[in-house]
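# Report on the structure
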Amino acid sequence: MKDLYFNTSGKNTKSKETGPKKKTMFGYNVLGFGGGGPKTYKVAYLVLAGGGAGMPRHGPGGGGGGFRNSDNKTFAVENGVAHTVTVGSGGVGSFPTANTTDGAASGGSAFGTLQATAGGQGGDNPSHSDGGSGAGGGGQGNLGGFSPVEGHDGGATGFNGSATGGPLTAAGGGGAGQAGQSGSATTEAGGGDGAASNVSGSSVQYGGGGGGGNAHHGAGSTTAGAGGGGRGGGTSQNPTEGTDGLGGGGGGGGIGTTNRGGASGGNGVVIIRRETAASDTASGGNSTTTSGTDTIHTFNSSGTYTA
């Protein structure tokens, strides 16, 4: 290829330009056209689905909501682009009525392409018992097939629906951090504990499983899974709901005349943490706070994150 020359000394004189400044400028002009791409940056996140409701009448606890989390900034977003955020609701239980039917299923959560599966529903319908974490009675966790897992299995056994022959404490729902406990005639069946995230600026546990319903320990009730799970009901003690914003599973119903319904699961949450300097125009969330050099967007309901 012929060298490029510039006339630097006079009309009839040509000298070869070899200085770095000219060559750099020429290279920039050639490569610069069309070379700039969209600006991206990475965020930390928590995507937590809604927890499942507990089953009525001495029934298994609901599974905790699926838990997807990175405390480090690993998920890429494009500056100025709107990313859909979905916050799953907790499953609706039948407490405080003495209802023996299953409640409404819980909902999954999502942030862009990141998804978390709803918690398993305590009940007789096997298709509802699997989820982010499985409901008590054998529900399977990590229904989304993610690595690391989004949740764990419910307890291996649960009340079988018969007045005789079944265990007297139903199984606990699985949690984001561990499996639910199995129930029997002599064993309490607590919900599995949730898993911790630091995305909000402090360590918080999420996705605890609901305790199984209890029919033989007097006023006693089963243990809730740490991280928002509800406790199971006893013969004279009500089950409790999973905690909203923590995606806990609801407790299974007891065996008394007024506390036999299964408790509702807790709503999920989506939290996005970014370096404040990464974008001057980022927006979204029901609340926005700062922690050091970071900004934290918390979604308690569905919306849009504009990066």
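Described below are features of the structure shown in this document. (Residues numbered from 1 in each chain as written. Predicted model: local features only at pLDDT ≥ 70, side-chain atom pairs only at ≥ 80, totals over all residues. Heavy atoms only, no water.)

### Quick notes on the overall build of the protein
- The number of helices and strands found in the protein is two helices and 13 strands.
- Residues classed as buried in the protein amount to 46% of the 307 residues present.
- Of the roughly 13,500 Å² of accessible surface on the protein, a fraction of 51% belongs to carbon and sulfur atoms. (Helix = DSSP H or I, 4+ residues; strand = E, 2+ residues; numbered from the N terminus. Buried < 20%, exposed > 50% of the residue type's maximum accessible area, 1.4 Å probe, protein only. Areas by Shrake-Rupley, 256 points an atom, 1.4 Å probe, with all protein chains shown as cover.)

### Regarding the nonpolar core
- In this structure, Y41, V43, V85, F111, V270, I272 and Y305 are the most contacted members of the largest nonpolar core, which totals 19 residues.
- Take this core: its biggest share by element is four residues, from strand β3 (residues 40-48).
- Apart from residues no more than four positions distant in its own chain, I272 is found in contact with V43, A44, V85, F111, T295, I296, H297, F299 and Y305.
- If you look at the next biggest cluster of nonpolar residues, it comprises 11 residues, including A44, F67, A176 and A195. (Core = buried A, V, L, I, M, F, W, Y, C linked by side-chain atoms within 4.5 Å. Contact = heavy atoms within 4.5 Å.)

### A few points about the sheet that holds strand β5 (residues 82-86)
- Taken together, the four strands give an open sheet; going across it, the order is β7-β6-β5-β13, and neighbouring strands pair in antiparallel fashion. Looking along the sheet, the strands with just one partner apiece sit at the ends: β7 (114-116) and β13 (303-306). Strand-to-strand twist in this sheet, taken as the mean axis angle between neighbours without regard to direction, amounts to 20°.
- Sheet analysis places β5 next to strand β6 (residues 109-111), joined by two bridges and oriented antiparallel. Within β6, the residue paired with T86 across the bridge is A110. (Pairing = 2+ DSSP bridges. Axes fitted to C-alpha atoms, helices over the stretch in contact; angles between N-to-C directions.)

### A few points about the side chain of S129
- Inspection of the secondary structure assignment puts S129 in helix α2 (residues 126-129).
- Setting aside residues no more than four positions away along its own chain, S129 makes contact with G120, Q121, G134, A135, G139 and Q140.

### Quick look at unusual backbone geometry
- A cis geometry characterises the amide bond from S147 onward to P148, with omega recorded as 0°.
- If you trace the backbone, P148 turns up in the loop between α2 and β8 (195-197).
- The phi angle at N142 is positive, at roughly 55°, despite the residue not being glycine.
- If you trace the backbone, N142 turns up in the loop between α2 and β8.

### Structural notes on the sheet that holds β3
- The strand order across the open sheet formed by five strands is β4-β3-β10-β12-β11, and the pairing between neighbours is antiparallel. Either end of the sheet is taken by a strand with one partner, and the two such strands are β4 (67-78) and β11 (287-291). Strand-to-strand twist across the sheet, computed as the mean angle between neighbouring axes with direction ignored, equals 25°.
- Pairing geometry for strand β10 (residues 269-275) and strand β12 (residues 294-299), over six bridges, is antiparallel. Across the sheet, I272 pairs through a bridge with H297, a residue of β12.

### A look at the packing of aromatic side chains
- According to the stated counting rule, one finds three aromatic pairs in the structure shown.
- Taking 6.1 Å as the distance between ring centres and 70° as the angle between the ring planes, the aromatic pair formed by Y45 and F75 counts as edge-to-face. With Y45 in strand β3 and F75 in strand β4, this pair connects stretches of sequence that are 30 residues apart.
- Residue Y45 is classed as buried on the basis of its relative accessible area of 9%.
- Each residue in the set Y45, F75, F111 and Y305 is aromatic and connected to the rest through ring pairs, giving one cluster.
- The positively charged end of R68 is found above the aromatic ring belonging to F146, 3.8 Å away from the centroid. (Phe/Tyr/Trp six-rings, centres within 6.5 Å; stacked < 30°, edge-to-face > 60°. Lys NZ or Arg CZ within 6 Å of the ring centre and 35° of its normal.)

### A look at the pairing of β3
- The buried count for β3 comes to seven of nine residues, which makes it a mostly enclosed element.
- Bridging between β3 and β4 involves eight bridges; their strand directions are antiparallel. Across the sheet, the residue bridging to K42 is A76, located in β4.
- Of the strand pairs in this sheet, β3 and β10 are connected by five bridges, and their pairing is antiparallel. Looking across to β10, one finds that V47 is bridged to V270.

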